[in-house]
Amino acid sequence: MFRSQSNILIAATLAVAGCAHAQTGRELVFGTSHEETSPLFLYASAYLQQLCAAGGQRCALQSLPGRRAEAMLAAGNIDGEVVRVKGYIQKHPDYVRLDEPFIVSRTRIFTRTDKDITSWESLAKSVKTVSYKRGIYLYQQRLEALQPAIQPHDVQSEAACLQMVLAARDDACVFDDGGISAEARPLLAQGHSSASVEDLPLYIYLGKDNTALAPVLSDAARRIAARGVPAQLHHKFYEAK
């Protein structure tokens, strides 16, 4: 009987070890709506590699259009999302957010000429029609709160958002300074970009099937922050010419 119990214990231990090995061996896939040539995607991808290596995981970042990342995480087809605001947890309370933001993004307003926009409130006093990239829920919330003073609507990409303004189809475009792709960046020189109207700390989220990894990755985030990794990556992708 003792031998039988020992065999059961050994088998259970091996099974747990096997599951743990499978968990660390499987690549975790994260999604974002940012385009692959944007500074924020490049920063987030490099940050994720450093974070997951420090946490004993293998990770990859995918650029997904519009709201697809949110839908895929809800369906369990990806493991997490990056570049989400702190309040995203209210929309998805079964997810888990890593403890610290991994970057702070700056929200700017693009117009054909300088309209002295310094806040969301001054935006509502200066323009009527405003576009923003589809899938950015916080921008949707901020702009809908300003109705009926303005008429907001979403578009497929930041490039489309800027082009709507330049074509005089919209008065303004809301964008984040890391979200502009390399292809869209020349468009900024054809109009005016405001100073930041809101600085947004951005977080990494894990889906409900991977919540157990949150303490490990949060600890890894603190360790790579202590090594100065975020500052190094910010300089590389945002500041270096």
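Report follows, based on the coordinates. In this text the structure is predicted, and so the values were computed from the model without any measurement.

Reading guide: rules and limits
Residues numbered from 1 in each chain as written. Predicted model: local features only at pLDDT ≥ 70, side-chain atom pairs only at ≥ 80, totals over all residues. Heavy atoms only, no water. 1 Å grid on protein atoms, 1.4 Å probe; cavity = no way out; pocket = protein on both sides within 12 Å on 5 of 7 lines; lining within 4 Å. Points joined across faces, edges and corners; volume = space filled by probe spheres on them. Helix = DSSP H or I, 4+ residues; strand = E, 2+ residues; numbered from the N terminus. Nonpolar A, V, L, I, M, F, W, Y, C, P; charged D, E, K, R; others polar. Buried < 20%, exposed > 50% of the residue type's maximum accessible area, 1.4 Å probe, protein only. Contact = heavy atoms within 4.5 Å. Expected span 1.5 Å × (residues − 1). Arc of directions from axis to C-beta. Disulfide = S-S within 2.5 Å. Core = buried A, V, L, I, M, F, W, Y, C linked by side-chain atoms within 4.5 Å.

On inspection of all chains with the given rule, the structure shows one cavity of 30 Å³ or more. Here the largest cavity is characterised by a volume of approximately 270 Å³. In terms of lining, the largest cavity is formed by 20 residues, of which the most central are Val-83, Arg-84, Val-85, Ile-136 and Leu-202. Counting only elements with at least two residues in the lining of the largest cavity, the list comes to β1 (27-32), β3 (80-85), α6 (137-144) and β10 (198-206). It is β3 that provides the largest number of residues to the lining of the largest cavity, a total of five residues. Here the residues of the lining of the largest cavity sort into ten nonpolar, seven polar and three charged.

We now examine helix α7 (residues 158-166). Listed in full, the buried residues belonging to α7 are Glu-158, Ala-159, Cys-161, Leu-162, Met-164 and Val-165. Against the buried residues of α7 lie β5 (103-111), β6 (129-133), β7 (151-155), β8 (172-176) and α8 (185-188). Ala-168 sits one or two residues past α7 and shows a positive phi near 60°.

Take helix α9 (residues 214-226) next. Taking 1.5 Å of rise per residue, the 13 residues of α9 would be expected to cover 18 Å, and the 18 Å separating its terminal C-alpha atoms lies within 8% of that figure. Buried residues of α9: Ala-214, Leu-217, Ser-218, Ala-220, Ala-221 and Ile-224, and no others. One side of α9 carries all its buried residues, which in axial view fall inside an arc of 160°. Facing away from the buried side of α9 by over 90 degrees, the exposed positions are Pro-215 and Ala-226.

According to the stated counting rule, one finds two disulfides in the structure shown. Disulfide partner of Cys-52: Cys-59, at an S-S distance of 2.0 Å. Between Cys-52 and Cys-59, the S-S dihedral sits near -85°, and the bridge is therefore left-handed. Covalent S-S linkage joins Cys-161 and Cys-173, the inter-sulfur distance amounting to 2.1 Å.

Residues Leu-51, Phe-102 and Leu-123 are the most contacted members of the largest nonpolar core, which totals 49 residues. Contact partners of Leu-51, with chain neighbours within four places excluded, come to Leu-98, Ile-204, Leu-217, Ala-220, Ala-221 and Ile-224. In terms of nonpolar packing, the next biggest core, distinct from the first, is built from 13 residues, Phe-110, Ala-159, Cys-161 and Met-164 among them.

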